[in-house]
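Notes for the structure review
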Amino acid sequence: MPAASPTPPIQGPRLQLRDWRPADLPRLADLLDPARPWHTTNGPYFGTPTAAQTQEELRRFSALAATPGTGLPTPRTMLAIEAGGVLIGAVTWYWESQETDWRRMGVVLQDEAYWGRGLGTEAMALWTSYLFGSTDALRLDFATYSGNPGMIAIGLTLGFVEEARFRRARRWAGGVHDSVVMGLLREEWEQRRSAWPTAAGT
């Protein structure tokens, strides 16, 4: 059985993971702007979001922010990343295969002013501890591509293992990139997590 896991907000040394708030929406509209650089690394081969897609994303967040904490699932499927009182990104997970209890996770810092400070690594460490602490998952993983070295570096720093590399899988923007999946077993995180910020109580 998993260890007890706290209800968000989850506090780290420099940031926290928390539920969404209605007051986030103006800031989120700015972060989702298609001109933001994060769109060039976070699955850019899916295309730049259209205005209609951005509005739909905002409606989805608006509904989530309006849901009281008692109506949200445990574990949360998405939390806001806040640093110094500023919304800067999000952590997420989804079912790769619910039938076999296979979860896939992710992190995105949407404000480029906060890149290069190790905040993505801290957020991913907190999220990893939270998900292992609030489920009995045997493993967690994430998918990226070779054109996103920052995400690969986060995984390697936290002890994720490159489990799959689909060579030359993504022909995009005049180049060819590998698709990469990095995974972490529960027991591997138990051995390493003391070196990283973790959700209190996990």
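Shown above is the structure to which this text applies.
Description of the structure in this document.

The rules behind the values
Residues numbered from 1 in each chain as written. Predicted model: local features only at pLDDT ≥ 70, side-chain atom pairs only at ≥ 80, totals over all residues. Heavy atoms only, no water. Helix = DSSP H or I, 4+ residues; strand = E, 2+ residues; numbered from the N terminus. Buried < 20%, exposed > 50% of the residue type's maximum accessible area, 1.4 Å probe, protein only. Contact = heavy atoms within 4.5 Å. Phe/Tyr/Trp six-rings, centres within 6.5 Å; stacked < 30°, edge-to-face > 60°.

What to know about the environment of Pro37
- Along the chain, the position of Pro37 falls in the loop between α1 (25-31) and α2 (51-65).
- Pro37 sits in the partly exposed class, given a relative accessible area of 29%.
- Distance from Pro37 to Gly71, taken between C-alpha atoms, is 34 Å for residues 34 residues apart in sequence.
- If sequence neighbours within four positions are ignored, Pro37 has contacts with Glu112 and Trp115.

As for the packing of aromatic side chains
- Under the defined criterion, the tally for this structure stands at 6 aromatic pairs.
- On the basis of an interplanar angle of 70° and a centroid distance of 4.9 Å, the ring pair of Tyr45 and Phe46 is categorised as edge-to-face.
- Among the residues examined, Phe46 registers a relative accessible area of 67% and is labelled exposed.
- For the ring pair Phe142 and Phe160, a centre distance of 5.3 Å and an interplane angle of 55° mean the geometry is tilted. Of the two residues, Phe142 is situated in strand β6 (residues 139-145) and Phe160 in the loop between α4 (149-158) and β7 (161-172); the sequence distance between them amounts to 18 residues.

Observations concerning unusual backbone geometry
- Cis rather than trans, the peptide bond between Pro8 and Pro9 has omega equal to 15°.
- Among the structural elements, Pro9 can be located in the segment before β1 (10-11).
- Here the bond from Thr74 into Pro75 is cis, since omega is 0°, no more than 30 degrees from zero.
- Structurally, Pro75 is set in the loop between α2 and β3 (78-83).
- The backbone of Asp101 sits at a positive phi, close to 60°, despite the residue not being glycine.
- Along the chain, Asp101 falls in the loop between β4 (86-97) and β5 (102-109).
- Located in the positive-phi region is Arg168, a residue other than glycine, with phi close to 55°.
- Arg168 sits in the exposed class, given a relative accessible area of 72%.

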